[in-house]
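# Structural features, examined
Listed below, chain by chain, are the residues.
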Amino acid sequence: LNTLLASYHLSLASGWHSGFLAERSVDEELSAVHEFATLLQKTGVRVMVYGECAAMAENALDVPMSHRQRLATAQMADYGARLTEFARELAERYGLAMAYHHHLMMVIETHDEIRQLMAATGDEVGLLLDTGHALTGGFSYVDLINEFGPRITHIHLKDVRQQVLENVRSEDLSFNDAVRAGMFTIPGDGVIDFRPLFEFVNCSGYDGWVVVEAEQDPSLERPEITVARARDWLSTILPSRS
């Protein structure tokens, strides 16, 4: 993989691990992540994205989003302790920081749930800031910067088409149907103001990746065109770095 990426002048930014710490032990999770974490380590990755997939039915992304499973408040302390221990071991064994992904249809989706999670975990548990999942989760990503800026270890950039979001909510669509309908788009195509994010990146000392997620229907526009549009727009906003 290193050889292949190098031939295109690319490097691996990160990778997603589907975790189940809301249900299983730290030892079980460490066993489950070992092969993937080793791959990330050997490709020079510094941050692993953690998505909590416990309490999700097999077809969870295809059911109405109002059916999301939630973590009971009483469970948060034990869950946070397991996450903290797992993140500590991840750093010690593989040199990887954790970026916890707040995400639609998962147990940490809303601003209040993120606040509870951050209070229940140590600094070892970093936060992934996702601009699109913040807005569609009912809050502004700026709130995460203001409250948890030092713990942000990874950033996903996507925009949101407001009219599609309103239709998704009024019709109680599934997550997959919302994506297919074009709820998410690349930065510059939707309603999100990215200036506070760029100010954070430029002024906070953040030195991680800023990843554009071009979640587009490839039958409507070829991916290379979508990605090029996103890059061109960002190049007018983000200063170049040496």
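In what follows, the structure referred to is the one given above.
Now for a description of the structure that goes with this document. (Residues numbered from 1 in each chain as written. Predicted model: local features only at pLDDT ≥ 70, side-chain atom pairs only at ≥ 80, totals over all residues. Heavy atoms only, no water.)

With that settled, consider the environment of M183. Positionally, M183 belongs in the loop between helix 8 (175-180) and strand 7 (184-185). The class of M183 is buried, set by a relative accessible area of 0%. Sequence spacing of M183 and G132 is 51 residues, and the spatial spacing of their C-alpha atoms is 9.1 Å. Aside from chain neighbours lying at most four places away, what touches M183 is L104, T136, D159, V160, R161, V164, L165, V168 and A178. (Helix = DSSP H or I, 4+ residues; strand = E, 2+ residues; numbered from the N terminus. Buried < 20%, exposed > 50% of the residue type's maximum accessible area, 1.4 Å probe, protein only. Contact = heavy atoms within 4.5 Å.)

The computed volume of the second largest pocket comes to approximately 260 Å³. I152, T153, Y206, D207 and G208 are the residues nearest the centre of the second largest pocket, which is lined by 19 residues in total. Residues that form the lining of the second largest pocket fall into these classes: 10 nonpolar, seven polar and two charged. (1 Å grid on protein atoms, 1.4 Å probe; cavity = no way out; pocket = protein on both sides within 12 Å on 5 of 7 lines; lining within 4 Å. Points joined across faces, edges and corners; volume = space filled by probe spheres on them. Nonpolar A, V, L, I, M, F, W, Y, C, P; charged D, E, K, R; others polar.)

Here we take up the packing of aromatic side chains. Under the counting rule described, the total for this entry stands at seven aromatic pairs. Their ring planes at 70 degrees and their centres at 5.9 Å tell us that F194 and W233 sit as a pair that is edge-to-face. Remark: W233 occurs in helix 10 (residues 223-235) and F194 occurs in the loop between strand 7 and helix 9 (195-203); sequence separation between them is 39 residues. Since its relative accessible area comes to 29%, W233 is described here as partly exposed. Aromatic side chains F200 and Y206 sit 6.0 Å apart centroid to centroid with 40 degrees between the ring planes, which places their arrangement in the tilted category. Across this residue pair, the class does not change: F200 and Y206 are buried. Taken together, the aromatic side chains of Y50, F86 and Y100 make up a single cluster linked through ring pairs. (Phe/Tyr/Trp six-rings, centres within 6.5 Å; stacked < 30°, edge-to-face > 60°.)

On to helix 2 (residues 26-42), then. Its 17 residues place the ends of helix 2 23 Å apart at the C-alpha level, agreeing with the 24 Å of an ideal helix rising 1.5 Å per residue. By the largest-angle criterion, H34 marks the main kink of helix 2, which is about 50 degrees. Of the positions making up helix 2, those classed as buried are V26, E29, L30, V33, A37, T38 and L40. Two residues or fewer past helix 2, G44 is found with a positive phi of approximately 80 degrees. (Expected span 1.5 Å × (residues − 1). Bend = angle between axes of the 7 residues up to and from the residue.)

For the rest of this paragraph, the subject is the pattern of salt bridges. Considering all chains together, one arrives at 15 salt bridges under this definition. Ionic pairing is found between R68 and E113, a salt bridge with its closest N-O pair at 3.1 Å. Of this pair, R68 sits in the loop between strand 2 (47-52) and helix 3 (76-94) while E113 sits in helix 4 (residues 111-120), and the two are 45 residues apart along the sequence. Neither R68 nor E113 differs from the other in exposure class; each is buried. The salt bridge partner of R180 is D177, with a shortest N-O separation of 3.0 Å. Of this pair, R180 and D177 are both found in helix 8, three residues apart, which corresponds to roughly one turn of the helix. For R180, a relative accessible area of 55% puts it in the exposed group. (Salt bridge = Lys/Arg side-chain N within 4 Å of Asp/Glu carboxyl O.)

Locating Q116 in the fold gives a position in helix 4. Each C-alpha atom of the pair Q116 and H154 lies 19 Å from the other, and the pair is 38 residues apart in sequence. If sequence neighbours within four positions are ignored, Q116 has contacts with T73 and M76.

Moving on, we get to the nonpolar core. If you look at the biggest cluster of nonpolar residues, it comprises 59 residues, and the most contacted ones within it are Y79 and F86. A total of seven residues in this core trace back to one element, the largest contributor, which is helix 3. Excluding its chain neighbours within four sequence positions, the residues that come into contact with Y79 are L21, A22, Y50, E52, L71, Y100 and L117. (Core = buried A, V, L, I, M, F, W, Y, C linked by side-chain atoms within 4.5 Å.)

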